[in-house]
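Observations on chain architecture
These are the residues of each chain, in order.
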Amino acid sequence: MEHATTMGRLYERLSAGDIDGFGDLLADGFVEHDETPGMEPTKEGVKQLFRTYRASFPDLRMEVQELLPSGDKVVGRIRVTGTHTGEAFMGVPASGKGVNMQLIDIIRFDEGGLACEHWGVSDALSMMQQLGAIPAVAPPT
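Residues numbered from 1 in each chain as written. Predicted model: local features only at pLDDT ≥ 70, side-chain atom pairs only at ≥ 80, totals over all residues. Heavy atoms only, no water.

Description of unusual backbone geometry
One can expect most non-glycine residues to show negative phi and most peptide bonds to be in trans. Put simply, the rule is: Every helix listed is a DSSP run of H or I at least four residues long, and every strand listed is a run of E at least two residues long, numbered separately from the N terminus. Exposed residues in this analysis have more than 50% of their type's maximum accessible area, buried residues have under 20%, and partly exposed residues fall in between, with area computed by a 1.4 Å probe over protein chains only.
In this structure, methionine 90 is a non-glycine residue whose phi angle is positive, near 50°. Locating methionine 90 in the fold gives a position in the loop between strand 3 (73-83) and strand 4 (98-109). Looking at methionine 90, the relative accessible area reads 62%, which means it is exposed.

This is the structure we're talking about:
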């Protein structure tokens, strides 16, 4: 199976709330290289992270804007949207506010076609500003 296709399926399953189906596309030895406080950098840790996101943002969507395959890795540019109507997120009570942010993900795939490593960058500051947890700074005049 082509790695870019599998990467697209990862986002489709997350958007559908199918965390276990998402996990089926991760290798048992999956390694998360981005440190998230309280999260184990493993397959189970990442599944729990997305369960937490879905609990806070029940309508979470991850829209693929671009996938760039290169050997055993794929780079993705992803738009994430959701409405904070569920549980508190990072100490912020449900606000009813929407978020819209970009992610850049790099996923390495093993010989069996499963995701085995992840590196990523997200605009967490923008997300927290959109939720009202951090004041937005006005541009200089």
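What to know about the sheet that holds strand 3
Within a sheet, each strand pairs with its neighbour through backbone hydrogen bonds, oriented either parallel or antiparallel. Note the cut-off: Any two strands with at least two DSSP-identified bridges between them are counted as paired. Where helices are involved, their axes are fitted lines through C-alpha atoms of the stretch in contact, as for all axes, and angles between N-to-C directions lie from 0 to 180°. Note on contacts: a residue pair is in contact if any heavy atoms of the two residues lie within 4.5 Å.
Across the sheet, which stays open at both edges, the five strands sit in the order 1-5-4-3-2 with mixed pairing between neighbours. For this open sheet the edge positions go to strand 1 (26-32) and strand 2 (61-70), each flanked by a neighbour on one side alone. The average angle at which neighbouring strand axes cross in this sheet is 25°, direction not considered. Bridge count for strand 3 against strand 4 is eleven bridges, and the pairing is antiparallel. Paired with isoleucine 78 across the two strands is leucine 103, which belongs to strand 4. Against the sheet, helix 1 (residues 3-15) contacts strand 1, strand 2, strand 3, strand 4 and strand 5 (115-122), and its axis sits at roughly 170° relative to strand 2. Across the face of the sheet, helix 3 (residues 43-56) comes into contact with strand 1, strand 2 and strand 3 while running at roughly 75° to strand 1.

So yeah, pure geometry; function would need other evidence.
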